[in-house]
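Examining the three-dimensional arrangement
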Amino acid sequence: MATVVENAVHAVEAAAVMRLLPARPRLLALGEPTHGEDALLGLRNELFRQLVEQEGYRTIAIESDCLAGLVVDDHVTSGTGALDEVMERGFSHGWGAFAANRELVRWMRAYNDGRPASEQVRFAGFDGPLEITGAASPRQALTALHGYLSARVEADLLPCTAETLDRLLGDDDRWTDPAAMTDPARSVGRSPEAGRLRLLADDLVALLDAQTPHLVEATSRDDWDRARLYGRTATGLLRYHFRMADAAPSRMARLMGLRDQMMAGNLLALAERGPALLHAHNGHLQRNRSATRMGGTPLEWWSAGAIVSAHLGERYAFLATALGTIRHRGVDAPPPDTVEGLLYALPQDRCVVDAPRLAAALGDTRPAPRVSPWFGYSPLDPAHLADSDGLVFVKDVPQG
């Protein structure tokens, strides 16, 4: 068994990753099984730097608010804003506080300095403006889309005025009430105003599409891409708020599915722009359905990776990450009959694994699923080992 595992193991470097793939994918995704560990983020930075420098990737996208990410992109491409402000305003989920994320932004800015725009590395968040406790108001996305269009098309083509949008949106606190996440009655997502806004958002996106030739010529493809992002985000948020007001038993599964659907839309847009590197939780990037339990109820939905893979085929590649220990979280050495246990027995502190080859070599000797004592770590599901193009294994995660 040890020989079987060793034959599938390689060094953690860009060249080893690319040898696992038939061709350079348009989107190359690196997952993580837990959030907030600087050791894993540092490994991501190291690997992504190599892939930028050696393989020509020109976008780095992470699981963070897509609108906030525009602040980071402006900084790394043109130096706009001080680094402290960018880290505070440019990330959601608290990701701006992590040292490795700060180092990534600093490196991207230094890499781009003095390079022409065509050779610069762009930054993107691909999550929606969503947090565990709720969703953002659609105001920023809707008003930005309306502003882009109103400055460039005839007024009588617009479905409404900016004042109408402002009136229908009302107080942003109505949209961001954290109580709405657990109490559908507190959500404004099915109010008459929200219904009207969904129709207007659809009309604005349709107008953006219809005016594409004029808008690309009058502004730039980057500006038009940004307007498309506003449109996707506005319609996605309004759809999300609509489901927040739903009291059906399927409510939470639908909300989780909508989040991944928003992610997938952003990722497919990035794929149109050029080769991109992605980083997020394994559960968002995997090719199979995502699943969890909430209050004892099993929930399932299609992950963003599954949706993107269905669209792109071999132009999408996914590397999961698995861990041996996170001792400061109570996760000790894995049982030897798990995938993590087999890899933990190797002498390497970290390695890249040819996951399909390992799965084929194991055959019917399927390892047992690992059970984590800590909710924040999602062990590898051995049943889906072959669904990954590769696997990054880190033996021990030190406390940061």
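Being a predicted model, the structure only gives us computed values, none of them experimental.

A few points about the overall build of the protein chain
Secondary structure assignment for the protein chain yields 17 helices and twelve strands. Relative to its length of 400 residues, the protein chain is compact, with a C-alpha radius of gyration of 22 Å against a globular reference of 21 Å. Referenced to the eigenvectors of the C-alpha coordinate spread, the extents of the protein chain come out at roughly 70 × 55 × 35 Å. In the protein chain, buried positions account for 54% of the 400 residues. The contacts in the protein chain between residues at least 6 apart in sequence include a share of 78% that link residues at least 24 apart. If you sum the accessible surface of the protein chain, you get close to 17300 Å²; carbon and sulfur atoms cover 51% of it.

Describing the environment of Leu 165
Checked against the element boundaries, Leu 165 lands in helix H8 (residues 162-169). Accessibility expressed as a relative area gives 1% for Leu 165, which makes it buried. With 23 residues separating them in the primary sequence, Leu 165 and Leu 142 have C-alpha atoms 7.9 Å apart. Among all residues touching Leu 165, those that are not within four sequence positions of it are Leu 142, His 146, Cys 160, Leu 197 and Leu 200.

Some points on the packing of helix H7 (residues 139-150) against helix H12 (residues 221-244)
Here H7 crosses H12 at 140°, and the two axes come no closer than 8 Å. Comparing the axis directions of H7 and H12 gives the class oblique. As for the relative orientation of H7 and H12, their crossing is left-handed in sense. Note on element contacts: H12 touches H7 through Asp 223, Trp 224, Ala 227, Tyr 230, Gly 231, Thr 233, Ala 234 and Leu 238, opposite Ala 141, Leu 142, Ala 144, Leu 145 and Tyr 148. Here the residues of the contact of H7 with H12 sort into ten nonpolar, two polar and one charged.

A short note on the packing of aromatic side chains
The final tally for this structure, using the stated rule, is four aromatic pairs. The lysine or arginine in question, Arg 190, covers the ring of Phe 242, its NZ or CZ lying 3.8 Å from the ring centre.

Some details on the pattern of salt bridges
The final tally for this structure, using the stated rule, is 21 salt bridges. Arg 259 is the partner of Glu 63 in a salt bridge, and the nearest nitrogen-oxygen pair spans 3.2 Å. Pair noted here: Glu 63 is in strand E3 (residues 59-65) and Arg 259 is in helix H13 (residues 251-273), with a separation of 196 residues, a long-range link. According to the relative accessible area criterion, Glu 63 is buried, its value standing at 5%. Within this structure, Glu 63, Asp 127 and Arg 259 form a network of salt bridges that share partners.

The rules behind these values
Residues numbered from 1 in each chain as written. Predicted model: local features only at pLDDT ≥ 70, side-chain atom pairs only at ≥ 80, totals over all residues. Heavy atoms only, no water. Helix = DSSP H or I, 4+ residues; strand = E, 2+ residues; numbered from the N terminus. Rg over C-alpha atoms; globule rule 2.2 N^0.38 Å. Buried < 20%, exposed > 50% of the residue type's maximum accessible area, 1.4 Å probe, protein only. Contact = heavy atoms within 4.5 Å. Areas by Shrake-Rupley, 256 points an atom, 1.4 Å probe, with all protein chains shown as cover. Axes fitted to C-alpha atoms, helices over the stretch in contact; angles between N-to-C directions. Parallel < 35°, antiparallel > 145°, perpendicular 65-115°, else oblique. Left-handed = near helix turned anticlockwise from the far one by under 90°. Nonpolar A, V, L, I, M, F, W, Y, C, P; charged D, E, K, R; others polar. Phe/Tyr/Trp six-rings, centres within 6.5 Å; stacked < 30°, edge-to-face > 60°. Lys NZ or Arg CZ within 6 Å of the ring centre and 35° of its normal. Salt bridge = Lys/Arg side-chain N within 4 Å of Asp/Glu carboxyl O.

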